[in-house]
Amino acid sequence: EDKPAQEAKQKEEIKEESEEEEEEQTFEQLGLDPRLIRALNKKEISVTKPTPIQRVAIPLILEGKDVVARAKTGSGKTLAYLLPLLQKLFASSGSSRKLAPSAFILVPSGELCQQVHKEVSSLIDSCKVQLKAVQLTTKMGVSDLRTALAGPPDVIVTTPACVAKCLSAGALQSSSINDSLEILVLDEADLLLSFGYEDDLKALTAFVPRRCQCLLMSATSSADVDKLKKLILHNPYILTLPEVEG
Ligand code: ADP
Ligand code: MG
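Residues numbered from 1 in each chain as written. Chains lettered and ligands numbered in written order. Predicted model: local features only at pLDDT ≥ 70, side-chain atom pairs only at ≥ 80, totals over all residues. Heavy atoms only, no water.

## Examining the sheet that holds strand S6 (residues 213-218)
So, point 1. Spatial ordering of the open sheet is given by S3-S4-S2-S5-S6-S1-S7, a layout of 7 strands whose pairing is parallel. Looking along the sheet, the strands with just one partner apiece sit at the ends: strand S3 (133-136) and strand S7 (237-240). Strand after strand, the sheet turns through a mean of 15 degrees between neighbouring axes, direction not considered.
So, point 2. Contacting strand S1 (67-70), S6 and S7, helix H3 (residues 52-62) crosses the sheet at an angle of about 170 degrees to S7. (Pairing = 2+ DSSP bridges. Helix = DSSP H or I, 4+ residues; strand = E, 2+ residues; numbered from the N terminus. Axes fitted to C-alpha atoms, helices over the stretch in contact; angles between N-to-C directions. Contact = heavy atoms within 4.5 Å.)

Put into structure tokens, the structure is as follows:
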């Protein structure tokens, strides 16, 4: 065999090896806090190995990058953003009181709101950190919304319509959001627009400070997602796994 062919062969092998390594990558190697890793092991169905979208998204989110993650339903997008989001908030937990939450997670339905809130709350409980997550839905009256927002909590899981309601009722102040918001997640971003939430989203994104990290999760690569990208993301990393729908 001539030399270039040998070199090419070697390179290929190295590539295969590193791909294998990636397959075996652990949450620890992604830079995740040991408290979170322990919490994952304690889940009813123990989570020990990151999924492909988690492998690529978690390190980028921990670095503070804006990320658009497109991967099919069931690929583990919730933990892909929740784990690094919580890790970032660990650093600020228990420190000086803020006037508004540090993180907003926007989802398209009350049902999903409940699911995500349950997941984030159980992680917080397992980690024994001083963080509080609440869910807000449009079914709640203004006084319940005010009570839930008193404190304020560190993480809010809600729908764009409910954010708009809180803003117009004065339960949330746009200036406090502008001061405090560190991370904004749009989960099921494709549905967020197709449900007609665009105006409500704009009511919030108008106050999202430039330094806020924005994460957009989606199962499709539709034009709607491109619209959201223009609305809130600054030069994001776009991760598209091959099995993406649509
Ligand atoms: P998506 O939002 O991409 O549709 P979910 O975040 O709802 O997917 O995850 C689907 C299921 O996979 C959930 O039950 C979740 O607990 C589980 N899951 C997520 N990450 C892992 C993992 N690394 N290992 C095993 N199961 C996981
Ligand atoms: Mg999801």
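## So, the side chain of glutamine 87
So, point 1. Note that glutamine 87 resides in helix H4 (residues 77-92).
So, point 2. Among the polar contacts listed, one links the side chain of glutamine 87 to the backbone oxygen of glycine 31, at a separation of 3.0 Å.
So, point 3. Not counting the four nearest positions on each side in its chain, glutamine 87 is found in contact with Gly31, Leu32, Asp33, Leu36 and Leu62. (Polar contact = N/O pair within 3.5 Å; in protein donor to acceptor, adjacent residues only side chain to side chain.)

## Observations concerning the site of ligand 1
So, point 1. In the vicinity of ligand 1 lie 14 residues, with Lys49, Gln54, Gly74, Lys77 and Thr78 positioned nearest.
So, point 2. Residue glutamine 54 places a side-chain N or O atom 2.8 Å away from a nitrogen atom belonging to ligand 1.
So, point 3. Between glycine 74 and ligand 1, the recorded distance is 2.6 Å, taken from a backbone N or O atom to an oxygen atom.
So, point 4. With the chains in place, 65% of the 570 Å² that ligand 1 exposes on its own is no longer accessible. (Near = heavy atom within 4 Å. Areas by Shrake-Rupley, 256 points an atom, 1.4 Å probe, with all protein chains shown as cover.)

## A word on the layout of surface pockets
It is the rolling of a water-molecule-sized probe over the atoms that shows where space remains empty.
So, point 1. Here the largest pocket defines a volume of roughly 610 Å³.
So, point 2. The wall of the largest pocket is formed by 23 residues, among which Thr78, Leu79, Leu112, Gln115 and Glu119 lie closest to the centre.
So, point 3. Going through the elements one at a time, H4, helix H5 (110-127) and helix H9 (189-194) are the ones with two or more residues in the lining of the largest pocket.
So, point 4. Its residues assigned to classes, the lining of the largest pocket comprises 7 nonpolar, 8 polar and 8 charged. (1 Å grid on protein atoms, 1.4 Å probe; cavity = no way out; pocket = protein on both sides within 12 Å on 5 of 7 lines; lining within 4 Å. Points joined across faces, edges and corners; volume = space filled by probe spheres on them. Nonpolar A, V, L, I, M, F, W, Y, C, P; charged D, E, K, R; others polar.)

## Focus on the UniProt feature "short sequence motif: Q motif" (unreviewed entry) in the protein
So, point 1. Annotation from UniProt places "short sequence motif: Q motif" (unreviewed entry) at residues 25-55.
So, point 2. As a span, residues 25-55 carries 42% helix and 0% strand, and end to end its C-alpha atoms are 8 Å apart. (UniProt positions renumbered as here; feature names shortened; annotations may be inferred.)

## Structural notes on H5
So, point 1. In a regular helix each residue adds 1.5 Å, so 18 residues correspond to 26 Å; H5 covers 26 Å between its end C-alpha atoms and thus fits that length.
So, point 2. Note on H5: the residue one or two positions beyond its end, lysine 128, has a positive phi of about 50 degrees. (Expected span 1.5 Å × (residues − 1).)

## Concerning the nonpolar core
So, point 1. Residues Phe27, Tyr81, Leu83, Leu85, Leu86 and Ile105 are the most contacted members of the largest nonpolar core, which totals 46 residues.
So, point 2. At 9 residues, H4 tops the list of elements feeding residues into this core.
So, point 3. In this view, isoleucine 105 contacts Tyr81, Leu82, Leu85, Val116, Val155, Ile156, Val157, Thr158 and Val185; residues no more than four positions away in its chain are not counted.
So, point 4. Ranked by size, the runner-up nonpolar core spans 34 residues in total, among them Ala148, Cys162, Val208 and Leu216. (Core = buried A, V, L, I, M, F, W, Y, C linked by side-chain atoms within 4.5 Å. Buried < 20%, exposed > 50% of the residue type's maximum accessible area, 1.4 Å probe, protein only.)

## Side note on the environment of serine 221
So, point 1. For serine 221, the position within the fold is in the loop between S6 and helix H11 (223-232).
So, point 2. For the pair formed by serine 221 and glycine 170, sequence separation is 51 residues and the distance between their alpha carbons is 35 Å.

## Some words on the side chain of glutamine 213
So, point 1. Secondary-structure assignment places glutamine 213 in strand S6.
So, point 2. Under the relative-accessibility criterion, glutamine 213 is labelled buried at 5%.
So, point 3. Sequence-distant contacts of glutamine 213, defined by excluding residues within four places in its chain, comprise Leu60, Ile61, Gly64, Lys65, Asp66, Lys88, Glu182, Ile183 and Leu184.

## Brief notes about the packing of H3 against H4
So, point 1. Following both chains from N to C, one finds H3 and H4 inclined at 25 degrees, their axes separated by 9 Å at the closest point. On the basis of the axis angle, H3 is roughly parallel to H4. In this structure, the crossing between H3 and H4 has a hand that is right-handed. In this structure, H3 contributes Ile53, Gln54, Ala57, Ile58, Ile61 and Leu62 to the contact, and H4 contributes Lys77, Leu79, Ala80, Tyr81, Leu83, Pro84, Gln87 and Lys88.
So, point 2. Of the residues contributing to the contact of H3 with H4, the split by class is 10 nonpolar, 2 polar and 2 charged. (Parallel < 35°, antiparallel > 145°, perpendicular 65-115°, else oblique. Left-handed = near helix turned anticlockwise from the far one by under 90°.)

## Details of the pattern of salt bridges
Two side chains with opposite charge may pair up if their charged atoms get near one another.
So, point 1. As enumerated under the stated definition, the model contains 4 salt bridges in all.
So, point 2. Where lysine 65 meets glutamate 63, a salt bridge forms, and the shortest distance between an N and an O atom there is 3.1 Å. (Salt bridge = Lys/Arg side-chain N within 4 Å of Asp/Glu carboxyl O.)

## As for the environment of glycine 31
So, point 1. In this structure, glycine 31 sits in the loop between helix H1 (3-23) and helix H2 (34-42).
So, point 2. The class of glycine 31 is partly exposed, set by a relative accessible area of 37%.
So, point 3. Along the backbone, glycine 31 and leucine 82 are 51 residues apart, and their C-alpha atoms lie at a distance of 14 Å.
So, point 4. Ignoring sequence-local partners within four residues, the contact set of glycine 31 consists of Leu62 and Gln87.

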